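# Per-entry structural report
Read off the chains here:
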Amino acid sequence: MTVRIAIIGSIVVVFGLLLPVMSANYVIDNPADKIKNPAGTMNNPATHINNPASNIHNPAGRMDNPNPLSPVTPAIPKPLVTNKMPAAPSAEQIGHRPLSQAIVAVPIKTYHFKTVGAYVSAAKKAFGRDDYSAFVSIADDALRRIRAGTLKASNKSRQKLLKYKKFGQSLLG
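Scoring rules and cut-offs
- Residues numbered from 1 in each chain as written.
- Predicted model: local features only at pLDDT ≥ 70, side-chain atom pairs only at ≥ 80, totals over all residues.
- Heavy atoms only, no water.
- Core = buried A, V, L, I, M, F, W, Y, C linked by side-chain atoms within 4.5 Å.
- Buried < 20%, exposed > 50% of the residue type's maximum accessible area, 1.4 Å probe, protein only.
- Helix = DSSP H or I, 4+ residues; strand = E, 2+ residues; numbered from the N terminus.
- Contact = heavy atoms within 4.5 Å.
- Axes fitted to C-alpha atoms, helices over the stretch in contact; angles between N-to-C directions.
- Parallel < 35°, antiparallel > 145°, perpendicular 65-115°, else oblique.
- Left-handed = near helix turned anticlockwise from the far one by under 90°.
- Nonpolar A, V, L, I, M, F, W, Y, C, P; charged D, E, K, R; others polar.
- Salt bridge = Lys/Arg side-chain N within 4 Å of Asp/Glu carboxyl O.

### Let's talk about the nonpolar core
One finds Tyr-119, Phe-135, Ile-138, Leu-161 and Tyr-164 to be the most contacted residues of the largest nonpolar core, which totals 18 residues. Among the secondary structure elements, those contributing two or more residues to this core are α3 (116-128), α4 (132-148) and α5 (155-172). No other element matches α4, which puts eight residues into this core. If sequence neighbours within four positions are ignored, Tyr-119 has contacts with Tyr-111, His-112, Phe-113, Ile-138, Asp-141, Ala-142, Arg-145 and Leu-151.

This is the structure:
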């Protein structure tokens, strides 16, 4: 038994001594170790902490903590809002309007068409009959209903109705 322990012990000692020699056979050579990075030695100004702009005197920097020696600035009072109606233009101002701004009085009529297309076709029929006041009142009623939200219309048809109204008023004027 002692011979067996002595043999196993000598084998362990021999292999123990050979381990560093065997590990030298499996050394990994890293080619990246030979690379020299010039960016590591470059001067980077962003790393400098000294900022010359930090020394500039800025009086607005004390907005939250004002100087106690400076006098207090009073707040600007807001004007009182009154619900007064604007003054009506005098008769002289109305009489001197240029003809291009004169508004033609068209009687307000209500029409009960279901779609914008029906309003447009009715306006075209009124224009074909040379009934320009009806032409303008149909376009005006359609625009009034669109603004009130009781008639849905696309932007294209709304623009068409605005053109009809403007053109009809120019014909009446």
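### Focus on the packing of α3 against α4
Where α3 contacts α4, the two axes come as close as 7 Å, and the packing angle between them is 165°. Here α4 runs roughly antiparallel to α3, going by the angle between their axes. Classified by chirality, the crossing of α4 by α3 is left-handed. Where α3 abuts α4, its residues Tyr-119, Ala-122, Ala-123, Ala-126 and Phe-127 lie against Tyr-132, Ala-134, Phe-135, Ile-138, Asp-141, Ala-142 and Arg-145. Of the residues that constitute the contact of α3 with α4, the class distribution is 10 nonpolar, no polar and two charged.

### Topic: the pattern of salt bridges
In the structure shown here, the tally under the stated rule is two salt bridges. Note that Asp-140 and Lys-165 form a salt bridge whose closest N and O atoms lie 3.1 Å from each other. Of this pair, Asp-140 sits in helix α4 while Lys-165 sits in helix α5, placing them 25 residues apart in sequence. Across the pair Arg-144 and Asp-141 runs a salt bridge whose closest N-O atoms are separated by 2.2 Å. Residue Arg-144 and its partner Asp-141 are both found in helix α4; the two are separated by three residues, about one turn of the helix. Taking relative accessible area as the criterion, Asp-141 reaches 2% and is therefore assigned buried.

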